[in-house]
Amino acid sequence: MRRLPPLSSLPAFEAVARLGSVKAAGEELGRTHGAVSKQIATLAEDLGVALFRKEGVGIRLTREGEEFAQSVSGALDRLAQARDRIRLKGQEQVIEIGLSATLAMRWLIPRMPSLYLEVPGMELSFRMTGSQIIPDHEIDVALTFDRLSWIEGYYSRADIVRLGDVAFGPVHAPGFELVQDGVGYHCAKRYLQQVAPGTWDAWSALTGVQVSADQEQTYPHTFLALEGAVAGLGVAMSERRLVAEELATGGLVAPFGFHTIDKGFGAVVTERGRGKAKVQVLLDWLGRQAASD
C-alpha cells in the first residue's frame, strides 16, 4: 500500500513555495494565515524535515523543500491537465439547446428516450427561449419554427440547418364562436405570440383567410395561448405538432387545416456548436424525427 503525504496540505505548500509568502498564499487560497501555517507544519511533520527556513522577514525553501516543491508542482499540474481533459470530454457530451418551452414540452421531451437509446452518452441541456434572445456563445443549437417568415439575424454568426416542414393554422375549442362575415371570419379573442406577433398576418396573406377579433392578447409562450384556446377563451395560431394530442382527442379543432411551409423546421447551429461532433448526430436524429411526423 502506497504511503502518501497529507494531500490536503499540498495546495498550501505549493502556493507558499511559489509565492514565497504565507500571507500571499492564504489570500490566493482564501484561507487564513494560521490555517496555511498549520498545513505546512502538518506536511513537514509527515515528511520529517523542515520545508522552509526564515530569511529576514520572509521565508525560503530548504534544499529538501525545493526538491519536494518540484514534485508537488508537477503533480498538481498533471492533475489540473487531467481534470481539464476529462471536463472537456464531459462538456462535449452535453449539448446546450435553446428552444421554446412549448416545443420542449410538447414535442422534444417525449422523444428524448429514443435519442438516449440511439446515442448513449449524449445529454441535452435546455435553455428556454421566448421574448429573450439567448446569446449564441451560451448555446450550441437553437431549434426554431419558421413562423411564416424566418427571423433574420435572430442569432448572429449562425447557420440554419433545415430539418423538416412545418404547418401552421388557427386552433380553438369545439363550440368556440368563429363567425363568418363579409370580409372573412370574426371571433371574440385571438392570441398572439410575443416573439412573432406577425404570424397571423403572414398566415392570412398565404391562405387568403382573414380572422379578426374583438380583442388580442399577447403571450410570451405558445403553450399559454394553447391553454386559453383549450379552455374555450380564444383562438390561437399553432404549429401542427404542438397540438397533435388535442386534435386527436377532440380538445381542439383546426377549422382551416394547416398551411405547410417547406423546410420550415430549423436548427440554428452556433459557432460554439460547430465545434462539437455530436451536434451533427443530434441534427440527423432531429431530421428523422421531423420526417416521421
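Residues numbered from 1 in each chain as written. Predicted model: local features only at pLDDT ≥ 70, side-chain atom pairs only at ≥ 80, totals over all residues. Heavy atoms only, no water.

### Structural notes on the pairing of strand β8 (residues 185-193)
And step 1. Where strand β7 (residues 179-180) meets β8, 2 bridges bridge the pair, whose relative direction is antiparallel. Among the inter-strand pairings, Q180 is bridged to a residue of β8, identified as Y185.
And step 2. Linking β7 back to β8 in an antiparallel pair, the connection comprises 4 residues.
And step 3. Bridge count between β8 and strand β9 (residues 211-219): 8 bridges; the pairing is parallel. Looking at the pairing, Y185 lines up with V211 of β9.
And step 4. Where β8 lies against strand β10 (residues 235-239), 2 bridges are found, and the strand directions are parallel. Its bridge partner being in β10, R190 is matched across the sheet by V235. (Pairing = 2+ DSSP bridges. Helix = DSSP H or I, 4+ residues; strand = E, 2+ residues; numbered from the N terminus.)

### As for the packing of aromatic side chains
And step 1. On inspection of all chains with the given rule, the structure shows 7 aromatic pairs.
And step 2. Centroid distance F13 to F68: 5.4 Å. Interplanar angle 45°. Geometry classified as tilted. Of the two residues, F13 is situated in helix α1 (residues 10-19) and F68 in helix α4 (residues 63-93); the sequence distance between them amounts to 55 residues. (Phe/Tyr/Trp six-rings, centres within 6.5 Å; stacked < 30°, edge-to-face > 60°.)

### Re the side chain of R241
And step 1. Relative to the helices and strands, R241 resides in the loop between β10 and α9 (244-249).
And step 2. Classification of R241 by relative accessible area gives buried; the value is 6%.
And step 3. Within the local environment of R241, its side chain forms a polar contact with the side chain of D293, the two groups lying 2.6 Å apart.
And step 4. The residues contacting R241, other than those within four sequence positions of it, are W107, F145, D165, V166, A290 and D293. (Buried < 20%, exposed > 50% of the residue type's maximum accessible area, 1.4 Å probe, protein only. Polar contact = N/O pair within 3.5 Å; in protein donor to acceptor, adjacent residues only side chain to side chain. Contact = heavy atoms within 4.5 Å.)

### Focus: the nonpolar core
And step 1. L108, L124, L143, F265, L282 and L286 are the most contacted members of the largest nonpolar core, which has 48 residues in total.
And step 2. Tallying contributions element by element places helix α10 (residues 277-292) first for this core, with 6 residues.
And step 3. The contact partners of L282, leaving out residues within four places of it in the chain, are I95, I97, L115, M122 and L124.
And step 4. With 17 residues, the next largest nonpolar core counts F13, A25, A44 and L51 among its residues. (Core = buried A, V, L, I, M, F, W, Y, C linked by side-chain atoms within 4.5 Å.)

### Side note on unusual backbone geometry
And step 1. For K263, which is not glycine, the phi dihedral falls at a positive 55°.
And step 2. Among the structural elements, K263 can be located in strand β11 (residues 259-269).
And step 3. On the accessibility criterion, K263 (46% relative accessible area) is partly exposed.

By themselves, these observations are geometric and do not establish any function.
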